Amino acid sequence: MAALRAEVSKVSKKMGRVQALRRVNAVFGAGEVHGIIGPNGAGKTTLIRLLAGLLHSDTGRVSYGEAADPFSAAQAKRVTGYFPQEPSLYPDLTCEEHLEFFRDLYGLAQEEFVRRSEELLQATGMAPFKDRPAGKLSGGMYKKLGLMCVLLNRPKLLLLDEPTVGVDPVSRQELWDLVYGFAGENMTVILSTSYMDEAGRCARVHVLSGGEMLASGAPQEVMAQFGVADFAEIFLNHDRK
Ligand SMILES: Nc1ncnc2c1ncn2[C@@H]1O[C@H](COP(=O)(O)OP(=O)(O)OP(=O)(O)O)[C@@H](O)[C@H]1O
Ligand SMILES: [Mg+2]
């Protein structure tokens, strides 16, 4: 099965008393690496959780698949991997035990599990640490373990909420390389970041501020649209309005 496309149309969502999203439109093309960028409170987590099927929009629509091959929300959920902003792994379980735990959760056959977990341990460079408990991993390794757990099931749509927070620059680069290694024919990736310098790493960026989608497009296109040389300027200008 191929990478899954997703689209939100005129999506609004209130969280408590806050209007977290305001008539947001965005298309997340299949196989691409999409970045939802915006400052704290912009609505990134709300949008990602809506795409993950964990929240429902008040108005508007979230849809999946191509027009010729639409997916229901339930079908999409089965092939979506979601990595929360604050992943909670089990501190006492080792990396390998985590992978086994997720194997059982996903109901993976042992043969497929062995193949996939070997592949992920190699790709992430985590093989030497597979016997280390999660509670003893560095920040970057902890994120990699969380990523392996969601990738085990070969999702067609991968949603990562701020995967690079609290990760040193080398591990951040490794995480980006991993994301690009997995995105493509078989996987669409949508990640959020509040680090403006990471916007340029995305194939397509979706700029969110105060619950509004300000722009979507290739990073260069979006910067040209705002007449800025740096993403941070978009938010500075927007907040001043
Ligand atoms: N359960 C909730 N109850 C009340 N307000 C909420 C709730 N969840 C989110 N909000 C508010 O909705 C807005 C959007 O929140 P959201 O978590 O989506 O932002 P974000 O872009 O992910 O921010 P951050 O970068 O801090 O993670 C914020 O103003 C937040 O305070
Ligand atoms: Mg968030």
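In this text the structure is predicted, and so the values were computed from the model without any measurement.

Criteria and cut-off values
Residues numbered from 1 in each chain as written. Chains lettered and ligands numbered in written order. Predicted model: local features only at pLDDT ≥ 70, side-chain atom pairs only at ≥ 80, totals over all residues. Heavy atoms only, no water. Helix = DSSP H or I, 4+ residues; strand = E, 2+ residues; numbered from the N terminus. Rg over C-alpha atoms; globule rule 2.2 N^0.38 Å. Buried < 20%, exposed > 50% of the residue type's maximum accessible area, 1.4 Å probe, protein only. Contact = heavy atoms within 4.5 Å. Patch = residues over 30% accessible without salt bridge, like charges linked within 9 Å, V, L, I, M, F, W, Y side chains within 5 Å. Areas by Shrake-Rupley, 256 points an atom, 1.4 Å probe, with all protein chains shown as cover. Salt bridge = Lys/Arg side-chain N within 4 Å of Asp/Glu carboxyl O. Pairing = 2+ DSSP bridges. Axes fitted to C-alpha atoms, helices over the stretch in contact; angles between N-to-C directions. Near = heavy atom within 4 Å. Polar contact = N/O pair within 3.5 Å; in protein donor to acceptor, adjacent residues only side chain to side chain.

Enquirer: Just checking my understanding: could you explain the overall build of the chain for this structure?
Expert: Of the regular secondary structure elements, the chain holds eight helices and 10 strands. Rg of the C-alpha trace for the chain: 18 Å, near the compact-globule value of 18 Å for 241 residues, within the 12% margin. The principal-axis extents of the C-alpha atoms in the chain amount to approximately 55 × 40 × 35 Å. Expressed as a percentage of its 241 residues, the buried residues of the chain come to 51%. Long-range pairs, those at least 24 residues apart, make up 69% of the contacts in the chain with a sequence separation of at least 6.

Enquirer: What exactly am I supposed to notice about a nonpolar patch on the surface here?
Expert: A cluster of nonpolar side chains, Tyr90, Phe101 and Leu105, forms an exposed patch at the surface whose accessible area comes to about 310 Å². Following the sequence through the fold, Leu105 ends up in helix H3 (residues 95-106).

Enquirer: Help me out: how do you make sense of the sheet that holds strand E3 (residues 33-37) in this one?
Expert: The strands making up a sheet associate through backbone hydrogen bonding, with each pair oriented either parallel or antiparallel. What the six strands build is an open sheet, ordered E6-E7-E8-E3-E9-E10; its pairing is mixed. Two strands close off the open sheet at either side, each with one partner strand: strand E6 (80-83) and strand E10 (212-217). Looking at each pair of strands side by side, their axes are set apart by 15 degrees on average, direction ignored. Of the pairings in the sheet, the one linking E3 to strand E8 (residues 188-193) comprises five bridges and is parallel in character. From the neighbouring strand, Val33 faces E8, where its bridge partner is Val189. Taken strand by strand, helix H1 (residues 44-51) contacts E3, E6, strand E7 (157-161), E8, strand E9 (204-209) and E10, and its axis lies near 155 degrees from that of E8.

Enquirer: What is the right way to read the environment of Arg61 from this model?
Expert: Relative to the helices and strands, Arg61 is located in strand E4 (residues 59-66). Judged by its relative accessible area of 53%, Arg61 is exposed. Sequence spacing of Arg61 and Leu50 is 11 residues, and the spatial spacing of their C-alpha atoms is 9.9 Å. Arg61 has contacts with Glu7, Val8, Ser9 and Val11, leaving out every residue within four places of it along the chain.

Enquirer: Looking at this model, I keep getting lost on the site of ligand 1. Mind explaining?
Expert: Around ligand 1, the surrounding shell holds 14 residues, and the nearest of these are Asn40, Gly41, Lys44, Thr45 and Thr46. Ala42 is positioned such that a nitrogen or oxygen atom in its backbone is 3.1 Å from an oxygen atom of ligand 1. For ligand 1, the accessible surface in isolation is 640 Å², of which the surrounding protein chains cover 63%. Elements represented by at least two residues in the shell around ligand 1 include exactly strand E2 (18-28) and H1.

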